[in-house]
Amino acid sequence: MQEIMKKRASELLLDGTVSRVIGWKAGDFVYDITPAVFESAEEIEKDFVYTAFCGANLSKYLVKESKKPGKTLVFLKPCDSYSFAQLVKEHRVNRDSVYAVAVECRGKADVDKIRDCGVKGICGISEENGTLTVDTVYGDKTLPLSEVMLEKCASCKTRKHAVYDELLGEEGEEVADCDRFGKVRELESMTPEERYEFWRGELSRCIRCNACRNVCPACTCEKCVFDNDNSGIAQKAAADSFEENMFHIIRAFHVAGRCTDCGECTRVCPQKIPLHLLNRKFIKDINELYGDYQAGADPDTRPPLTDFRTTDAEPSIVYRRGEK
Amino acid sequence: MYRIPEQNLDRLFSLTAEKSKLYIPADTAAGTAQFMPWKEGLKLTDAHNTVRSAKDFFFPQTENLVGFRVEGKSIEVIDVREETEDFVVFGVRACDVRSFSILDKVFLADPVDTYYKNRREHGTILSLACNMPEETCFCGTFGIDCAAPGGDVQMWQTDGWFYLEPLTEKGNAYIDTVSSLLEECGGEAAAECRRAIDAVKKKLPLAGLTTEGFGGDKMAELFDSEKWGELAEACLGCGTCTFVCPTCQCYDIRDFNTGHGISRFRCWDSCMYSDFTKMSAGQPRLTQLERFRQRFMHKLVYFPANNDGEFGCVGCGRCLSKCPISMNIVKVMKNLTEGDQ
Ligand code: SF4
Ligand code: SF4
Ligand code: SF4
Ligand code: SF4
């Protein structure tokens, strides 16, 4: 796959169809891949990679890159394509200046999960038919990719792209047995006190680094209210222990109906806080109250939260406090 | 040199905790390692290092500096400082131990930061040698020896024993408080452990990284390097790197309106943020490129320029493993000196 992508990217750069390519750049240890903009076939040849560690969603970089002259090629995994479509829908990315290339994906690996299996000193990792061979300072180890996938991949809803100009590899299918709301149901069945304890425990680890917000393709405000001194609620750090909870809950509200469940927030959190559960709760509620809706699935449907109808359900009547 | 069998570690913790507050690196519910106050049953983590560094003990993420109570036209100033109680931190790695001396250069230099000094004086550091360094470790680049980690007492864990060597007065005092559990011994086992670690160090992928090309005298050429654009391109400006970094020392001071007064607090800041050092004329670093450059220039050039050549990084590898886009100080160093090194 990597070779096919490199070849195609170089062709399109050379024939002038695109002026730049957003892709993934090799690091020092195989797993430490950095999103990058490539402007020549030589750069592609030298550093472009597509491996089991290309979990990073490139679509948000288009907010900036698509404003540059010429077309920007972006490689999109299925989940990334929903973020891209949503950004186009919100007029944050100019569709006409993007050349979207869909690439197949069978799930990406999480190096932290590899470490959780007791693997230390990782120098290299290779993948063959779903098996990872990890070369470490302390000897070799093999692991099945399926056991060390990113949370977002382990609960992948579809391997089919929302939108693209060109497809490389094979288009996937919807994942029939995906149970992405399992944990949400578990939380719903808790008492309010238990649920409160659960979230207080998880969010107490937050260091307010803002990685979750800054990586989020739905968070594209030029200036976040939490960074804006003039907003009166600027928070560089939590002044009391409840503030980070408010930050996360407010953020989840702000992206409700726009979050495509791309899973980036949970992937990047250095403190392993399961932020996707907040978003999935909103997605699940929206589905139940207003009918199934997937943000970023198509360019036209009106998002349920900005589309008022007199027949709309009244959440406070449908859900009574603490019960379903 | 003293030693204690591994199975007596709990007893050591319990005796230590009787005398003063004790913190050990342990696993959170999510499996991440973090320094936590020891209580019965808390186990030492297997993880190599904590996600947050140990700087929190002396330079916490937020702290109240002073309060103001307003009543009518009078303002009362409330001094919220109090003497810190003694505390012991068990299992600090060599990189973090060195970070304290870097922070000292900032906070104990004139004018002395009394909040910091208070905590520094009351803390005893028990360091632990790294038997299995990670691929992201490069403390050696800065002359730090993870086989002899320093601090008030340095420790080695080998063959079912913990070996303890006091290095300072505070260290001797600590050994006295727990001497009933320790037995005196020779230094052979610890020396053997050191040799084993030395052999591992040579195999680490970043073993060859040097500081050549960096330092206080490289200001102009590095500042003007054309490579910053490419390096900073994908940076999200999130500040994760600065918050997990043991040597990042910037803070902001803010006022919090409590409704009937003001609580003036300080909190960590990050040069990666859009409002870092913002003054009335605005933020002097206009784009992420300048902010990104600041972080690495500070560690590799400005800090040594002001501190007799000492670098502002200890090679702990946290920014390597935690940056969401895997951009970090090693990539910056390699890239800036590509072709020279
Ligand atoms: S990424 Fe994690 S630690 Fe950072 S602000 Fe978000 S939840 Fe907090
Ligand atoms: S810059 Fe990175 S490697 Fe250096 S001390 Fe800070 S977190 Fe550790
Ligand atoms: S200027 Fe940046 S790199 Fe230097 S200590 Fe402050 S936050 Fe860290
Ligand atoms: S270098 Fe990485 S961790 Fe630091 S601000 Fe940029 S994206 Fe965040």
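Cut-off values and rules
Residues numbered from 1 in each chain as written. Chains lettered and ligands numbered in written order. Predicted model: local features only at pLDDT ≥ 70, side-chain atom pairs only at ≥ 80, totals over all residues. Heavy atoms only, no water. Helix = DSSP H or I, 4+ residues; strand = E, 2+ residues; numbered from the N terminus. Expected span 1.5 Å × (residues − 1). Buried < 20%, exposed > 50% of the residue type's maximum accessible area, 1.4 Å probe, protein only. Arc of directions from axis to C-beta. Near = heavy atom within 4 Å. Nonpolar A, V, L, I, M, F, W, Y, C, P; charged D, E, K, R; others polar. Contact = heavy atoms within 4.5 Å. Buried area = accessible area lost by both parts, 1.4 Å probe. Salt bridge = Lys/Arg side-chain N within 4 Å of Asp/Glu carboxyl O. Pairing = 2+ DSSP bridges. Axes fitted to C-alpha atoms, helices over the stretch in contact; angles between N-to-C directions. Domains from an automatic or database assignment.

**What about helix α5 (residues 188-203) of chain B?**
Residues and elements named next belong to chain B. The end-to-end C-alpha separation of α5 is 24 Å, in line with the 22 Å expected for 16 residues at 1.5 Å each. Those residues of α5 that sit buried are Ala190, Cys193, Ile197 and Val200. Taken down its axis, α5 places every buried residue within 75 degrees of arc, on the same side. Relative to its buried face, α5 has exposed residues pointing more than 90 degrees away, namely Glu188 and Lys202.

**Comments concerning the site of ligand 4**
Taken together, Cys235, Leu236, Gly237, Cys238, Gly239, Thr240, Cys241, Met272, Cys323, Pro324 and Ile325 of chain B form the complete shell of residues around ligand 4. For the shell around ligand 4, a count of residues per class yields eight nonpolar, three polar and no charged.

**Some details on the interface of chain B and chain A**
If you look at the interface, chain B gives 54 residues, while chain A gives 45 residues. Taken together, the two surfaces of chain B and chain A that pack against each other cover about 4000 Å², and 51% of this comes from carbon and sulfur. Linking chain B to chain A there are four salt bridges. Here glutamate 230 of chain B makes a salt bridge to lysine 25 of chain A, at a shortest N to O gap of 2.8 Å. When contributions to the side of chain B that touches chain A are tallied by element, the ones reaching two or more residues are α5, α8 (240-244), β11 (251-257), β12 (261-268), α10 (318-322) and α11 (329-336) of chain B. Considering only residue class, the side of chain B that touches chain A consists of 24 nonpolar, 14 polar and 16 charged.

**A look at unusual backbone geometry**
The omega angle of the peptide bond from aspartate 110 of chain B to proline 111 of chain B is 0 degrees, so this bond is cis rather than trans. Of note, proline 111 of chain B is situated in the loop between α2 (94-107) and α3 (114-122). In this model, asparagine 210 of chain A sits at a positive phi of 75 degrees, which is unusual for a non-glycine residue.

**As for the sheet that holds strand β8 (residues 139-144) of chain A**
Residues and elements named next belong to chain A. As summarised here, the arrangement of the three strands in space is β6-β7-β8, forming an open sheet in which the pairing is antiparallel. Across the chains shown, the open sheet's two edge strands, defined by having one partner strand only, are β6 (122-128) and β8. With direction set aside, neighbouring strand axes in the sheet form an average angle of 20 degrees.

**Some words on the site of ligand 1**
Around ligand 1 sit Cys206, Ile207, Arg208, Cys209, Asn210, Ala211, Cys212, His248, Cys269, Pro270, Ile273 and Leu275 of chain A, and those are all the residues in its vicinity. Residues that form the shell around ligand 1 fall into these classes: nine nonpolar, two polar and one charged.

**What about the domain arrangement of chain A?**
Domain parsing of chain A yields domain 1 (1-108 + 158-175), domain 2 (110-148) and domain 3 (179-324). On a C-alpha basis, the centroid separation for the pair domain 2 of chain A and domain 3 of chain A is 32 Å.

**Details of the domain arrangement of chain B**
Residues and elements named next belong to chain B. When its domains are assigned, chain B resolves into domain 1 (2-201) and domain 2 (216-336). Each of domain 1 and domain 2 has a C-alpha centre, and the two are 25 Å apart. Taken together, the contact pairs 39 residues of domain 1 with 36 residues of domain 2. Roughly 3100 Å² of surface becomes buried between domain 1 and domain 2 when both sides are summed, with 61% attributable to carbon and sulfur atoms. Contact with domain 2 buries surface across domain 1, with Ile102, Phe138 and Phe142 losing the most and accounting together for 19% of the total. Here domain 1 is connected to domain 2 by four salt bridges.

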